[in-house]
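Results of the structural survey
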Amino acid sequence: DAKTTQPTSMDCAEGRAANLPCNHSTISGNEYVYWYRQIHSQGPQYIIHGLKNNETNEMASLIITEDRKSSTLILPHATLRDTAVYYCIGRRGAQKLVFGQGTRLTINP
Amino acid sequence: NAGVTQTPKFQVLKTGQSMTLQCAQDMNHEYMSWYRQDPGMGLRLIHYSVGAGITDQGEVPNGYNVSRSTTEDFPLRLLSAAPSQTSVYFCASSYDGASGNTIYFGEGSWLTVV
């Protein structure tokens, strides 16, 4: 599974778009990019995933660069409840999700 | 979190005691797994199963046993608890092990070993 690199922390104003970057320069062709978030010590919550194309769902958008070496998670209108640790994960098989340190996103009023 | 139920939510054990953390899912998922999360750390895989009767070790399997007798249940057993096993434990499941299928997590079980 690809090693991912994320900023340790970020801040965003409430109501603005939160853009969380992730570098995964060693990602392989069949490896998906997954995003999860964890609020306090709750179970990780699935947000979105993608392989090559950009993806959008009710929670967020995922923009993957053409060379697939990086991606950006976009929360279009951040609220205080989006304060959490966000994990970008490369996944290639059945065995595991490799969680790094993630990005601690703080939404400020 | 969709359909992954963990019990108990909180447990305190004495060193050397044994216990089982229960995990059940009602989504007919073939793939189930257990992770642990230590303070300030990411999750680490303990054991996983790709179907009933099939289990395999993850990244940190020592001190833990699992079995998968049914599709729905995947219990995690601590045979002789140690303080190093104080952690939050998360069970997770997915339709199958394919990388395009989402893994869903339970709410966690907080275990303290004294």
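Look up: the structure comes first, before these words.
Let me begin by describing the structure that accompanies this report. As the structure is a prediction and not an experimental result, all values here were calculated from the model.

Residues and elements named next belong to chain A. The buried fraction of strand β3 (residues 32-38) amounts to six of the seven residues, a majority that puts the element mostly inside the structure. With five bridges connecting them, β3 and strand β4 (residues 45-50) associate as antiparallel partners. Directly across from Arg-37, in β4, lies its bridge partner Gln-45. Connecting the antiparallel pair β3 and β4 is a turn made up of six residues, with His-40 showing a positive phi of about 50°.

Once that is clear, we can look at the interface of chain A and chain B. Listed as interface residues are 23 residues of chain A and, on the opposing side, 24 residues of chain B. For the pair chain A and chain B, the summed buried area comes to about 1,800 Å², and 51% of that belongs to carbon and sulfur atoms. One can count five residue pairs in polar contact (both at pLDDT 80 or more) joining chain A with chain B. Looking at the side of chain A that touches chain B, the elements that each hand over two or more residues are β3, β4 and β8 (84-91) of chain A. For the side of chain A that touches chain B, the leading source of residues is β3 of chain A, giving four residues.

Residue and element names in this part refer to chain B. For the structure shown, the criterion picks out three salt bridges over all chains. Here Asp-38 ties to Arg-36 by a salt bridge, and the two come within 2.8 Å at their closest N and O atoms. For the pair Asp-38 and Arg-36, a shared accessibility class is recorded, and that class is buried. One salt bridge connects Asp-38 with Arg-44, and the closest N-O pair in it is separated by 2.6 Å. Look at Asp-38 and you get buried, because its relative accessible area is 16%. A cluster of three or more residues bridged by salt bridges with shared partners is formed by Arg-36, Asp-38 and Arg-44.

Rules used in this analysis
- Residues numbered from 1 in each chain as written.
- Chains lettered and ligands numbered in written order.
- Predicted model: local features only at pLDDT ≥ 70, side-chain atom pairs only at ≥ 80, totals over all residues.
- Heavy atoms only, no water.
- Buried < 20%, exposed > 50% of the residue type's maximum accessible area, 1.4 Å probe, protein only.
- Helix = DSSP H or I, 4+ residues; strand = E, 2+ residues; numbered from the N terminus.
- Pairing = 2+ DSSP bridges.
- Contact = heavy atoms within 4.5 Å.
- Buried area = accessible area lost by both parts, 1.4 Å probe.
- Polar contact = N/O pair within 3.5 Å; in protein donor to acceptor, adjacent residues only side chain to side chain.
- Salt bridge = Lys/Arg side-chain N within 4 Å of Asp/Glu carboxyl O.

Fair warning: the whole summary comes from geometry, so function is off the table for now.
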